[in-house]
Each structure stands twice: as C-alpha cells, then as structure tokens.
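Summary of structural features
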Amino acid sequence: MTLTAAATTGESSGRSSMAWPRLVRLALRELRSGISGFYVFLGCVALGVLVITGVGALTDSLRNGLTREGKLLLGGDISFSRVHVPASAKHRRMLDSLGRVSETASIRTMARLTSGDDQTHVVLKGVDATYPLVGAVTLGDDRQLTPDVLQGRTVALDPIVLERLNLKVGDVLSIGEAELTIAATIKKEPDRLTNRRAFGPRAMVSRETVEATGLVKPGAMVRWRYALDLAEGSDEALSQNRETLQNTFGEAGYTVKDRRDPSPQISRTLERLRQFLTLIGLTALLVGGVGVANAVATFVDRRRKVIATFKSLGATSQQVFSIFLIQVLVMAAAGIAIGIAGGFAVPFILDNLYGDALPVKAQFQISWTSVVSSVTYGILVALLFILWPLGRAELISPAVLFRDEVTETTQWPRQRIVVLSVLTALGLVGFALLTSDSLQIALAFCVGLTAMFAVFLGLGTAVRWVARRLPRPKRPEIALALGNLGAPGGLTRSVVLSLGAGLSLLISVALANSSLVEELSGRLPENSPDY
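None of the values given here were measured: they were computed from a predicted structure. (Residues numbered from 1 in each chain as written. Predicted model: local features only at pLDDT ≥ 70, side-chain atom pairs only at ≥ 80, totals over all residues. Heavy atoms only, no water.)

**Quick word on empty space enclosed by the protein**
To be explicit about the condition: Grid points spaced at 1 Å over the protein atoms alone were grouped into cavities, where a 1.4 Å probe fits but cannot get out, and pockets, open sets with protein on both sides within 12 Å along at least five of seven lines, with lining residues defined by an atom within 4 Å of a point. Grid points are joined across faces, edges and corners, and a volume is the space filled by probe spheres set on the points. Only runs of H or I of at least four residues qualify as helices and only runs of E of at least two qualify as strands under DSSP, and these elements are numbered from the N terminus. The nonpolar class holds Ala, Val, Leu, Ile, Met, Phe, Trp, Tyr, Cys and Pro. Asp, Glu, Lys and Arg form the charged class, and all remaining residues, Gly among them, are polar.
On inspection of all chains with the given rule, the structure shows four cavities of 30 Å³ or more. Approximately 50 Å³ is the volume found for the second largest cavity. Looking at the second largest cavity, the residues that line it are Gly 75, Ser 102, Glu 103, Thr 104, Tyr 131, Pro 132, Leu 133, Asp 191, Arg 225, Tyr 226 and Ala 227. Mapped onto the lining of the second largest cavity, the elements with two or more residues apiece are strand E2 (99-113) and strand E9 (223-230). Residues of the lining of the second largest cavity, tallied by class, amount to five nonpolar, three polar and three charged.

See the structure below:
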C-alpha cells in the first residue's frame, strides 16, 4: 500500500518534495535485508577516505604543534636575524623598549685539538646571559644551561664533537685564537629547529668568548640573531608589533619571524607533503571506485526481482533510481564515516610509534577543512562511479530484467544521468585544483590520471574483443577461460582497469622515490662530509 501511494504521488506530482520521505522509507526498509554485496563498496570508500583523512589529520597535527610550540622553537615572540652586522644601538633600544631581548651570534668554524693533530667542523654559537628567553638548554648531566656554566674560556659541545676528537668533559680544545675548556655537553637546544643554517655540531660559548676567538671580523659570515619576548604577548599586540618592526627591520636586511609560523620552510614542506599524499590518496580512492561501480552493479543485479516488483506496482523509473540511489548513498556515508574515524587515528598511531623522529610534537586537533575535504572527495568519487550503473538500471523494463543475465545491455543511461556524471567528474577535478597548493602539479595529475584510466579501459575492452573472436581451443579449461573473458557483463574491463591503475600508482611512487634518492646520492662524492 505504501509503494502504491508513493507511486501515485510520484506520478501525480512528479518531483514534488512530498514523495521523498516515502522514497527514503522504502530505501531504508529495503536495506533491512542486509548489506550483502556492499562489503567491497564499504572497503573501497573507507580505505580511500582513510588515506586522505589520515594525511590531512597528520599534517594538521604537525602544523598545530608547530604553532603551539612556536614561541619555544623561536626563542621568543618575534625573532630578527641578519649576516655580518649586529644590531645598531637604535635598533637595540627599540627592541629593549618592547620586552626582553636575547642576542646570539653564530659562525661556522673548526674545533681543533691543542696539538693540532685533528680537527672537526662546528657551529660556534655565542649566547648572552638572558639566553634562552623561553625554554631551557639541557646539558648532558641533565642540568640546565646557566650563565655560570659558560663563565670564562669554557664551551658546551654536542657529544659528537667529543667522540670525533676523542675528548671528554674537562679537556681543552682550540677554536679560532682561543683555547677553551669543555664544561659540558649539549643534550637539547629548544630553538635549534628554527635555525636552518646550523649545519654541524654545536659549540656554545658566551658572547665574550666569541670575541676572544678572533673570528668576529668585518666580512665574517656571522649570523646575528635577536629573540624578542614581548611584554604584551597577546595576538593583537604581536600583529601590531610585527608590522611596525617589519617596516623598520626589514629595510635593514633582517629576516623577521614570529611565533605563529616559526619555521616557514617546515610549513611549506608539510603543505607540499600534504598535497602529494592527498593526490596519492585520491588516486587510491579512484582506483577503488572501480570496485564501487562493480559492487553497485552487483547490488542492482541481485535486486532485479525487487525492481520488477516496484515497476509492476506503478513505480516510475525515476522513483526506482531515487530509491536505490538513497540506499547506495547511505552505504557511501557509512564508508566515509569509517574512513574518517580511521584517518583521525593515524596521528595517534604515528606519534606513538615514531613521535621522537618527528620535527615537532604532534598536537591533535580536528580540522573541519580536512573533514570537509575528505567528505567531498568521498561523495564525489562515490557519485562518479554509482550514477552510471544506477542510471542503466532505471531503463530496464521488468521483461528485460530476467533476460539480462545472458544479454548484455549496451544502452546508455538517460541524458540527465550522463550530464550528472560529467558534472561530477568536473566537480572532482575542480575541487582537486581548488585545494591544491600548486595548480600546475594538480592539473598535470588530473590529466595523467584521466589518460591512465582511458588507456586501461581501452586495453580491457581490447582484451574482451580479442577473446570473443579467438577460435576456441580443444582444451576445455582454456576454452572456458576465453569465453569468460569475452562474456557479456563480464569483469574483464574492470579487472584490467583496477590492476593496471593500481600497479601504475605503486610504480609511480617507487620511481619517484628511487629518482629522488639517485639524484641525491648520485651527486655526492665518495668521501662527502657528514654535515
């Protein structure tokens, strides 16, 4: 009775909204029979969305950690650095008027044994009494660095320097014109990550000792860095002071950073890694879309009698299409939800396994941008692969349904389904371009992916065409195999497309990796330095 009412309402009012509640109820009632045949569908959608969500969640966690620890990593609210020339008296007075200031001077040099028998490269870093403004330098014996540790001609070294020169705490080495006593080893330095030019083990001394080495001369490559801890540390005050100081210090050749983005190069690297891995996840989702299309086709095939019953009771083709579309979208939503839940677990898993290897501590936070991106990709890919089989199903009459098992239907779906499929594909491409950091890379990816699908779809069609026309051999096993390859409604094209696209993705990633490794290792001399 409900179906008859729905059909009557649908035919009398066409696409009126009153029919949709009944269609939804019918679709949900039909799902009570179970989700048999949807397991592959759920797996394909969930895995693809999981990859995209996991990449976004991990990147967001790292960027959030970078922002939250920005003050610690930067050594203050704002930092200023330039080469050769320290801050003028005018600039220093301006900084001192805004808050606490710490001055450091870094220069690459050599640490030598007093006998001159051996030496190694170090980065000499001179610090003042206020360093560090935020956090603490942890020494090898778990003490914190204080001004009295570096009193006189003393130095704190990275442990690797002691290992290379076969020294220990208390021994003496030469840096420049000064002989320095090793006071301690450095275990942790809070602002080292943001100093991208610190290639080499650290040798930390007082500012006075740097002058005593004789290395600070006109033209020497000394990097002067000033960390500012604002007296008023609100975001509004930070923005105002950043703009004011940028205008003054930027013209003087300083590089200016603030705690909101303490390491722009790391942020750019994370964003590019996110884009690359998201495109890889989108490829995996599209390859899984072939399985989605097969699962939907199988689902429709198993519901032939149901479709015949619906149509015999007066349901229109559009109502049949809507009922099954609702069912498939419910399953797609379930797969997307599973994928999102699994993707948000990725940062926790990687942090527990490899947290010490990450540049910053991951700070998990749900980013609605990542959620929307994952949901959009999942829905668009699902629609792209379910519209076609559902559109062909609505054209089948009850009389043809029982004959479709042996007769292949080659009729295209209605024009509106074709238009919707094209618009969905364009929407997927547009969304990928819109969310990409590099328009050129995303466009090349979309063109390459389209070409790959076209090639393997054509190859699968060619395999089926050849299998149909080859003479049947006498061996029954081979004859049946060839017959199945060319049989109407077979999975030849789908299998060729899935295997070909999947293997192409794996080979592309492997080739990109090996090319990068070869590019780096091939250019290194046999006896290259460690730093």
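**Here we look at the layout of surface pockets**
Roughly 360 Å³ of internal volume is contained in the second largest pocket. Along the walls of the second largest pocket sit 16 residues, with Phe 276, Ile 280, Phe 445, Leu 505 and Ser 508 positioned nearest its centre. Sorting the residues of the lining of the second largest pocket by element identifies helix H9 (264-302), helix H15 (439-469) and helix H17 (492-522) as the ones contributing at least two each. Among the elements that line the lining of the second largest pocket, the one with the most residues is H9, at six residues. Here the lining of the second largest pocket is built from residues that sort into ten nonpolar, five polar and one charged.

**Examining helix H14 (residues 415-434)**
Owing to its 3.6 residues per turn, the α-helix aligns residues three or four sequence positions apart on the same side. For clarity, the threshold we go by: A helix is expected to span 1.5 Å for every residue after the first. For the exposure calls, accessible area comes from a 1.4 Å probe over protein chains only, and a residue counts as buried if that area is under 20% of its type's maximum, exposed if over 50%, partly exposed in between. Here the arc refers to the directions that run from the helix axis out to each C-beta atom.
The first and last C-alpha atoms of H14 sit 28 Å apart over 20 residues, in line with the 28 Å expected at 1.5 Å per residue. Of all the positions in H14, only Ile 417, Ser 421, Thr 424, Leu 428, Phe 431 and Ala 432 are classed as buried. Viewed end-on, H14 has its buried residues packed into an arc of 100°, placing them on one side of the element. What points out from H14, more than 90 degrees from its buried face, is the exposed set Gln 415, Leu 423, Leu 426 and Leu 434.

**Regarding the packing of H15 against H17**
When two helices pack together, you describe them by how their axes are tilted relative to each other and by the distance separating the axes. Spelled out, the test is: To define axes, lines are fitted to C-alpha atoms, for helices over the stretch in contact only, and angles between the resulting N-to-C directions are given on a 0 to 180 degree scale. Each angle is binned into one of four classes, with values under 35 degrees roughly parallel, values over 145 roughly antiparallel, values of 65 to 115 roughly perpendicular, and all other values oblique. Two helices crossing with the near one rotated counterclockwise from the far one by less than a right angle form a left-handed crossing, whereas a clockwise rotation gives a right-handed crossing. Any two residues whose heavy atoms approach within 4.5 Å at even a single point are treated as in contact.
Two elements in contact, H15 and H17, have axes whose closest approach is 8 Å; the angle formed by their N-to-C orientations is 140°. When the axes of H15 and H17 are compared, the pair comes out oblique. Of the two elements, H15 crosses H17, and the hand of that crossing is right-handed. Counting all contacts with H15, which are made through Met 452, Phe 453, Phe 456, Leu 457, Leu 459, Gly 460, Thr 461, Val 463 and Arg 464, the residues of H17 involved are Thr 492, Arg 493, Val 496, Leu 497, Gly 500, Ala 501 and Ser 504. Here the contact of H15 with H17 is composed, by residue class, of nine nonpolar, five polar and two charged.

**Observations concerning the pairing of strand E3 (residues 119-127)**
Which entries qualify depends on this criterion: Criterion used throughout: strands pair if DSSP finds at least two bridges between them.
Within E3, seven of the nine residues are buried, which leaves the element mostly enclosed by the surrounding structure. Sheet analysis places E2 next to E3, joined by nine bridges and oriented antiparallel. Counterpart to Ala 105 in the pairing with E3 is Gly 126. Pairing of E3 with strand E8 (residues 202-206), which is carried by five bridges, proceeds in the parallel orientation. What sits directly across from Lys 125, in E8, is Met 204.

**Topic: the pattern of salt bridges**
Pairing between side chains of opposite charge can happen when the charged atoms of each approach one another. Definition in use: Each reported salt bridge corresponds to a side-chain nitrogen of Lys or Arg within 4 Å of a carboxyl oxygen of Asp or Glu.
All told, the structure shown has twelve salt bridges when counted by the stated rule. The salt bridge partner of Arg 242 is Asp 258, with a shortest N-O separation of 2.6 Å. Of this pair, Arg 242 sits in helix H8 (residues 235-250) while Asp 258 sits in strand E10 (residues 255-258), and the two are 16 residues apart along the sequence. Accessibility expressed as a relative area gives 5% for Asp 258, which makes it buried. Through salt bridges with shared partners, one network takes in Glu 103, Arg 207 and Glu 211.

**With respect to the side chain of Thr 59**
Using the following cut-off: Whenever two N or O atoms come within 3.5 Å, that pair is a polar contact, provided that in protein one can donate a hydrogen and the other can accept it, and provided that, for residues adjacent in sequence, both atoms are side-chain atoms.
Along the chain, the position of Thr 59 falls in helix H3 (residues 39-68). The class of Thr 59 is buried, set by a relative accessible area of 6%. A polar contact is formed between the side chain of Thr 59 and the backbone oxygen of Val 55, at a distance of 2.8 Å. If near-sequence neighbours (up to four positions away) are discounted, Thr 59 is found in contact with Leu 270 and Arg 274.

**Some remarks on the packing of aromatic side chains**
Spelled out, the test is: What counts as a ring pair is set by centres within 6.5 Å for rings of Phe, Tyr and Trp (its six-membered ring), and what kind of pair is set by the plane angle: stacked under 30 degrees, edge-to-face over 60, tilted for all other angles. Remark: a charge is flagged as sitting over a ring if the NZ atom of Lys or the CZ atom of Arg is within 6 Å of the ring centre and within 35 degrees of the ring normal.
For the coordinates displayed, the defined rule picks out one aromatic pair. Arranged with centres 5.0 Å apart and planes meeting at 80°, the rings of Tyr 377 and Phe 431 form a pair that is edge-to-face. Pair noted here: Tyr 377 is in helix H12 (residues 368-393) and Phe 431 is in helix H14, with a separation of 54 residues, a long-range link. Among the residues examined, Tyr 377 registers a relative accessible area of 1% and is labelled buried. Between the NZ or CZ atom of Arg 416 and the centre of the ring of Phe 321, over which it lies, the distance is 5.3 Å.

**As for the pairing of E9**
Within E9, eight of the eight residues are buried, which leaves it mostly tucked inside the rest of the structure. Residues Arg 223, Arg 225, Ala 227 and Asp 229 of E9 are buried on one face, and the alternating residues Trp 224, Tyr 226, Leu 228 and Leu 230, pointing to the opposite face, are buried as well. Relative to E9, strand E1 (residues 78-83) is paired through six bridges, and the arrangement is antiparallel. Among the inter-strand pairings, Ser 79 is bridged to a residue of E9, identified as Ala 227. Sheet analysis places E2 next to E9, joined by eight bridges and oriented antiparallel. Bridging across to E9, Ser 106 finds its partner in Arg 223.

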